[in-house]
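An overview of the molecular structure
Chain residues, written in single-letter form:
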Amino acid sequence: MHLRTLACLIAATLLPAQEVDVQAELARQNARLAELEKKAGPKAESAPLAFPEGLTPYVLIDLTVVGKSNATADGRTKVDIGEPFFSGSRWGLKGLLKTNIDGLDIIYKLESEYFLFDGEQGKSNTLFNRDAWIGISGKSFGKITIGRQNTLARDFAVIYCDPFNHAEVNYDEGGWTNNSNFKSLVYYAGGVSVSPVNGGPAQTRMDKGIVWKKANGEGLCLGAAFDMNYEPNTSVRNSTASFALGWNARTWHVSGFYTEANNAGSTATSATFATAPTGYTQKSMSFGGNVNLTPALKINAGYFHYTAEQGPGHPDRSDNAYTLSGSYKLNPKWTLYAGLQSIRVENAGMATATGGIPNAFTNGANAAFYTTGGKDSIYGAVRRHLSKKIEAYAVYDYLKLKDAYYINTRQGQAEYGLGLRISAL
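Residues numbered from 1 in each chain as written. Predicted model: local features only at pLDDT ≥ 70, side-chain atom pairs only at ≥ 80, totals over all residues. Heavy atoms only, no water.

Brief notes about the overall build of the protein
Of regular secondary structure, the protein possesses two helices and 17 strands. For the protein, with 425 residues in total, the buried portion stands at 42%. Of all intrachain contacts in the protein linking residues separated by at least 6 positions in sequence, the fraction that spans at least 24 positions is 59%. Surface exposure of the protein reaches about 22,200 Å², of which carbon and sulfur atoms provide 61%. (Helix = DSSP H or I, 4+ residues; strand = E, 2+ residues; numbered from the N terminus. Buried < 20%, exposed > 50% of the residue type's maximum accessible area, 1.4 Å probe, protein only. Contact = heavy atoms within 4.5 Å. Areas by Shrake-Rupley, 256 points an atom, 1.4 Å probe, with all protein chains shown as cover.)

Quick look at the structure:
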């Protein structure tokens, strides 16, 4: 037999045996890999985004398409996308860090507002215009926060100012209804916060605020606050002090506050404070509460009183305001809201004889004209809860003005809107 022929016969005999051994080894390896993957569990597609311990990011998105009557100088109705009806869209960072001292935690919050219609910040060139504070908390002493934050009065009165808020007095910063014709009551819970950033008083947040809150867990809630100033020659002028008290029961909750602001007069300058103070005092107080008549029905009511000195020889301004509102939860998907408020203002200082009366906690000292007016609002809303964090809504309010109150020379305005709100707080 030829040598080449013999080699071919030997190769043909051995090759099938070799292929069988390779296939068997591959089968053993595949079985081994499957066993290891089973022990390791399912493979994650991507790792979750991780944040440092104690840090919680959050966001709220609120969009309203709203129509307003008498919105133009010639009295026409305008439909537009503006600031949201309920509360400003925002994002922020909040946190709690444990310390090595038993019962002592460090807390902080940085919050920024933005507009959906153009993406701009809530206040130009101010990133954290809503909140910028740090503080301490503990079960024995409560919560102390220092920096830019809500006024204390705002946080305590939120339980009865309108029907859209939580019922109990707590440590949270209260978010009153933001942009509508029944927003005015929030200014009675304001204070003086003169600074280069916000441009003047009539603020419902405090710069350089120091706030203490304490809830004892048995119903009693206490609060005190002081708003420091930017004045170079005094720590008193343009500052605000406030005290608050609340009580939480099982089906009802009550609270109240007293606020006093020590202001500089309109003709005063920082250089005159030490030698010839021309300041005047503004005072605001309120009490109210809510009751759950049934698990689905909540009723809220409150009263506000405000006075402001307006300079030597000028009358004091005096305001009285009332609110009544309620909410009814039809089922887990639908909630109805309705309310009214009434404001009466006497001797409000104004620069001109006509126009809108200034809000509470504004500078009326040495004004040229002093006038009286009234403002009454009714409002209603329907919310469709699409999930725990998403809701659609329809809103309506009607504002009736009298005497010195005007909107584009007219004394009435209706607002109506549709909106969508996403909350991941």
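Moving on, there is more to tell.
Thoughts on the environment of Ser325
With respect to the secondary-structure elements, Ser325 resides in strand 13 (residues 317-331). What makes Ser325 buried here is its relative accessible area of 4%. In this structure the C-alpha to C-alpha distance between Ser325 and Ala301, which are 24 residues apart in sequence, comes to 6.5 Å. The residues contacting Ser325, other than those within four sequence positions of it, are Asp162, Pro163, Lys298, Ile299, Asn300, Ala338, Gly339 and Tyr379.

Focus on the layout of surface pockets
Computed from the structure, the second largest pocket encloses a volume of approximately 620 Å³. For the second largest pocket, the lining is made up of 28 residues, of which Lys68, Asn179, Ser180, Asn181 and Glu415 are closest to its centre. Counting residues per element, the ones that place at least two in the lining of the second largest pocket are strand 1 (55-68), strand 2 (78-81) and strand 16 (390-403). Top contributing element to the lining of the second largest pocket by residue count: strand 2, with four residues. The residue makeup of the lining of the second largest pocket, split by class, is 12 nonpolar, nine polar and seven charged. (1 Å grid on protein atoms, 1.4 Å probe; cavity = no way out; pocket = protein on both sides within 12 Å on 5 of 7 lines; lining within 4 Å. Points joined across faces, edges and corners; volume = space filled by probe spheres on them. Nonpolar A, V, L, I, M, F, W, Y, C, P; charged D, E, K, R; others polar.)

Some remarks on the pattern of salt bridges
Within the structure shown, the criterion is met by 15 salt bridges. One salt bridge in this structure joins Arg130 and Glu113, with 3.4 Å as the shortest N-O distance. Taken together, the residues Arg130 in the loop between strand 4 (105-113) and strand 5 (131-138) and Glu113 in strand 4 connect sequence positions 17 residues apart. Arg130 sits in the buried class, given a relative accessible area of 5%. Here Arg344 ties to Asp376 by a salt bridge, and the two come within 3.2 Å at their closest N and O atoms. On the criterion of sequence distance, the pair formed by Arg344 in strand 14 (residues 334-350) and Asp376 in strand 15 (residues 369-385) is long-range, its members being 32 residues apart. Its relative accessible area of 26% is what places Asp376 among the partly exposed residues. Look at the salt bridges and you will find they share partners, linking Lys109, Glu111, Glu113, Arg130 and Glu173 into a network. (Salt bridge = Lys/Arg side-chain N within 4 Å of Asp/Glu carboxyl O.)

Some words on the packing of aromatic side chains
Taken as a whole and judged by the stated rule, the model has 15 aromatic pairs. An aromatic cluster is built from Tyr160, Trp176, Tyr188, Phe257, Phe304, Tyr306 and Phe361, whose rings are joined through pairwise contacts. The side chain of Lys94 reaches across the aromatic face of Tyr58, ending 5.2 Å from its centre. When the ring centre of Tyr230 is taken as reference, the NZ or CZ atom of Lys208 above it lies at 4.2 Å. (Phe/Tyr/Trp six-rings, centres within 6.5 Å; stacked < 30°, edge-to-face > 60°. Lys NZ or Arg CZ within 6 Å of the ring centre and 35° of its normal.)

Focus on empty space enclosed by the protein
Overall, the coordinates contain eight cavities of 30 Å³ or more when judged by the stated rule. As a volume, the largest cavity reaches approximately 80 Å³. Class assignment of the residues belonging to the lining of the largest cavity gives a composition of seven nonpolar, two polar and three charged.

Regarding the confidence of the model for the protein
When the pLDDT values of the protein are averaged, the result is 85; 84% of them are 70 or greater. Note that pLDDT drops below 50 for residues 266-277; the model gives that stretch 16 contacts with residues more than four away or on any other chain. (pLDDT = per-residue confidence, 0-100.)

Structural notes on the side chain of Ser284
Among the secondary structure elements, Ser284 is positioned in strand 11 (residues 280-292). A polar contact is formed between the side chain of Ser284 and the backbone oxygen of Tyr188, at a distance of 2.6 Å. Setting aside chain neighbours within four positions, we find Ser284 in contact with Tyr188, Phe257, Tyr258, Thr259, His305, Tyr306 and Phe361. (Polar contact = N/O pair within 3.5 Å; in protein donor to acceptor, adjacent residues only side chain to side chain.)

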